Amino acid sequence: MLRVGLLVLFFGVAFLLKYAAERNLLPIELRLFAVALAGIGMLLFGWKQRLQRSGFALLMQGGGIGLLFLDVFAAFKLYHLLPAALAFAVMLGLVCTSAALALLQDAKPLAFFGAIGGFLAPVLLSTGSGNHVALFSYYALLNTGILIIAWFKAWRELNLLGFFFTLGIGSFWGMSSYKARYFASTEPFLILFFLMFTLIGILFAFRQPPKLKGYVDGTLVFGTPIICFSLQTALVKDMKYGLAISALLVSFFYIGLARFLWNKGDERLRRGMRTLTEAFLALGIVFITLAVPLALSGRWTAVTWALEGAALIWVGVRQNRIIPRNFGALLQLVSAFFFLTGNHPVDER
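Residues numbered from 1 in each chain as written. Predicted model: local features only at pLDDT ≥ 70, side-chain atom pairs only at ≥ 80, totals over all residues. Heavy atoms only, no water.

### Section: helix H9 (residues 218-236)
Here H9 is 19 residues long and its end C-alpha atoms lie 27 Å apart, about the 27 Å a rise of 1.5 Å per residue gives. By the largest-angle criterion, threonine 224 marks the main kink of H9, which is about 30 degrees, and a proline, proline 225, follows within four residues. Leu220, Val221, Gly223, Thr224, Pro225, Cys228, Phe229, Gln232, Leu235 and Val236 are the residues of H9 that are buried. The N-cap residue of H9 is aspartate 217: its side-chain oxygen and the backbone nitrogen of threonine 219 are 3.2 Å apart. (Helix = DSSP H or I, 4+ residues; strand = E, 2+ residues; numbered from the N terminus. Expected span 1.5 Å × (residues − 1). Bend = angle between axes of the 7 residues up to and from the residue. Buried < 20%, exposed > 50% of the residue type's maximum accessible area, 1.4 Å probe, protein only. Polar contact = N/O pair within 3.5 Å; in protein donor to acceptor, adjacent residues only side chain to side chain.)

This is the structure we're talking about:
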């Protein structure tokens, strides 16, 4: 009942702010000040009750943090009362406060509920202006808080909340509003979110209990490159070799990451991280395989894939691993097909 009540309160305050703005019922400053007082009051009351009624207290603190995110975002984006530097400084303070409270109390519900409020604020207060730089900067701040918590805690639900909200809202904006002139202001955010969620996936594996050390969150480890590369495809579709270069860079990144993880720590730690290391190595091989037909003609693709397939078969034989051997054999067959037909999977330029 408390969770439902807090959600109703949060949505009600959001719609009240927009309704009051449209009807000009009260001075803007008074509305925002009242919401800020309510958020601070909930936060302080929840902190005071943390020892007597812990579950109630954590949700009250999360609701208070969510209202404060909503209030600051409204003051900055909806009413333009705060300069960008001050607004993001306050939001950064809220991110750090929320992370600190969650870690001090070992409280996943607090972090989760506060993050929901933060991620929903721009959705509920959207005016259709399409200021993607402000939106993505704000989401980068929220994900920084999730990254800080991931450094200490393996809270998968919180990680996935940031992942789905950020890339989901980003994909929706891309389909509805992206234009080629936005490339310079969009590409850095895509790279940043790609790096953030990759790092969160690594930290999740490292922060597992000893018996589960190295446990791989498949949604983050494999979902991040799939979604981000799909978005990258839309960004560089008009650039010659843009997609091939992107695939090659992603491949180098994952192979380098796999090498780093394999060389890090003692033998016991490397064994624990073996699954994650192999996942990154597999992604590196997949993307370098994908880069070849995106850049070369059909016959050169066949030659490159044949060499890659032979290397994988050699590695599989040396390590007595069936997956590299089978994948290498499959590449040999596919390369033979492209060599005989001379086809190119994409339009040649």
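### Quick notes on helix H7 (residues 156-177)
Between its first and last C-alpha, H7 extends 31 Å over 22 residues, near the 32 Å set by a 1.5 Å rise per residue. Turning to H7, its buried residues are Leu158, Asn159, Leu160, Leu161, Gly162, Phe163, Thr166, Leu167, Gly170, Ser171 and Trp173.

### A few points about the environment of valine 292
In this structure, valine 292 sits in helix H12 (residues 274-295). Accessibility expressed as a relative area gives 10% for valine 292, which makes it buried. Separated by 45 residues in sequence, valine 292 and alanine 247 place their C-alpha atoms 8.9 Å apart.

### Notes on the confidence of the model for the protein
Averaged over the protein, the pLDDT score is 79; the fraction of residues at 70 or greater is 81%. When mean pLDDT is taken per element in the protein, helix H8 (residues 183-206) scores highest with 92 and helix H11 (residues 267-272) scores lowest with 61. For residues 343-349, every residue scores under 50 in pLDDT, and the model assigns this stretch 16 contacts once sequence neighbours within four places are set aside. (pLDDT = per-residue confidence, 0-100. Contact = heavy atoms within 4.5 Å.)

### Focus on the packing of aromatic side chains
One pass over the full model with this rule turns up 18 aromatic pairs. When the ring of tyrosine 254 is compared with that of phenylalanine 287, the centres are 6.4 Å apart and the planes differ by 15 degrees; the resulting orientation is stacked. On the criterion of sequence distance, the pair formed by tyrosine 254 in helix H10 (residues 242-263) and phenylalanine 287 in helix H12 is long-range, its members being 33 residues apart. On the basis of relative accessible area, phenylalanine 287 is assigned to the buried category, the value being 7%. Grouped by ring-pair contacts, the aromatic residues Phe136, Trp173, Tyr178, Tyr182, Phe189 and Phe193 constitute a single cluster. Taking NZ or CZ as reference, arginine 207 lies 5.7 Å from the ring centre of tryptophan 151, over its face. (Phe/Tyr/Trp six-rings, centres within 6.5 Å; stacked < 30°, edge-to-face > 60°. Lys NZ or Arg CZ within 6 Å of the ring centre and 35° of its normal.)

### Overview of a nonpolar patch on the surface
A surface patch of nonpolar side chains, about 490 Å² in accessible area, is lined by Tyr241, Ile245, Leu248, Leu249 and Phe252. Mapped onto the fold, phenylalanine 252 is located in helix H10. (Patch = residues over 30% accessible without salt bridge, like charges linked within 9 Å, V, L, I, M, F, W, Y side chains within 5 Å. Areas by Shrake-Rupley, 256 points an atom, 1.4 Å probe, with all protein chains shown as cover. Salt bridge = Lys/Arg side-chain N within 4 Å of Asp/Glu carboxyl O.)

### Focus on the packing of H9 against H10
At a minimum axis distance of 10 Å, the contact between H9 and H10 shows a crossing angle of 155 degrees. The orientation of H9 with respect to H10, classified from their angle, is roughly antiparallel. For the element pair H9 and H10, the recorded crossing hand is right-handed. Contacts between H9 and H10 involve Val221, Pro225, Phe229, Gln232, Thr233 and Val236 from the first element and Gly242, Leu243, Ser246, Ala247 and Tyr254 from the second. Across the contact of H9 with H10, the residue classes break down as 7 nonpolar, 4 polar and no charged. (Axes fitted to C-alpha atoms, helices over the stretch in contact; angles between N-to-C directions. Parallel < 35°, antiparallel > 145°, perpendicular 65-115°, else oblique. Left-handed = near helix turned anticlockwise from the far one by under 90°. Nonpolar A, V, L, I, M, F, W, Y, C, P; charged D, E, K, R; others polar.)

### Here's the deal with the nonpolar core
Note that soluble globular proteins tend to have their nonpolar side chains buried in a common cluster. Core analysis: the biggest nonpolar cluster contains 82 residues, and Tyr138, Leu158, Phe193, Leu276 and Phe280 have the highest contact counts within it. By residue number, the principal contributor to this core is helix H6 (residues 132-152), which donates 12 residues. Core analysis: the second largest hydrophobic core is formed by 5 residues, Leu32, Ala74, Ala75 and Tyr79 among them. (Core = buried A, V, L, I, M, F, W, Y, C linked by side-chain atoms within 4.5 Å.)

### A few points about unusual backbone geometry
Its identity as a non-glycine residue notwithstanding, aspartate 106 has a phi of 50 degrees, on the positive side. Counting through the fold element by element, aspartate 106 comes out in the loop between helix H4 (84-104) and helix H5 (108-124). A positive phi is found at tyrosine 241, a non-glycine position, where the angle reads about 60 degrees. Mapping tyrosine 241 onto the fold places it in the loop between H9 and H10. Looking at tyrosine 241, the relative accessible area reads 37%, which means it is partly exposed.

### Focus on the pattern of salt bridges
Scanning all chains against the criterion turns up 3 salt bridges. Residue lysine 153 pairs with aspartate 106 through a salt bridge whose shortest N-O separation is 3.0 Å. Here the residue lysine 153 occupies a position in the loop between H6 and H7, and aspartate 106 occupies one in the loop between H4 and H5, the gap between them amounting to 47 residues. Note on lysine 153: relative accessible area 25%, which makes it partly exposed. Residue aspartate 106 is classed as partly exposed on the basis of its relative accessible area of 48%. Between aspartate 217 and arginine 156 there is a salt bridge, with its nearest N and O atoms 3.0 Å apart. In this pair, aspartate 217 sits in the loop between H8 and H9 while arginine 156 sits in helix H7, placing the two residues 61 residues apart along the sequence. Aspartate 217 sits in the buried class, given a relative accessible area of 0%. Overall, the relative accessible area of 32% leaves arginine 156 in the partly exposed class.

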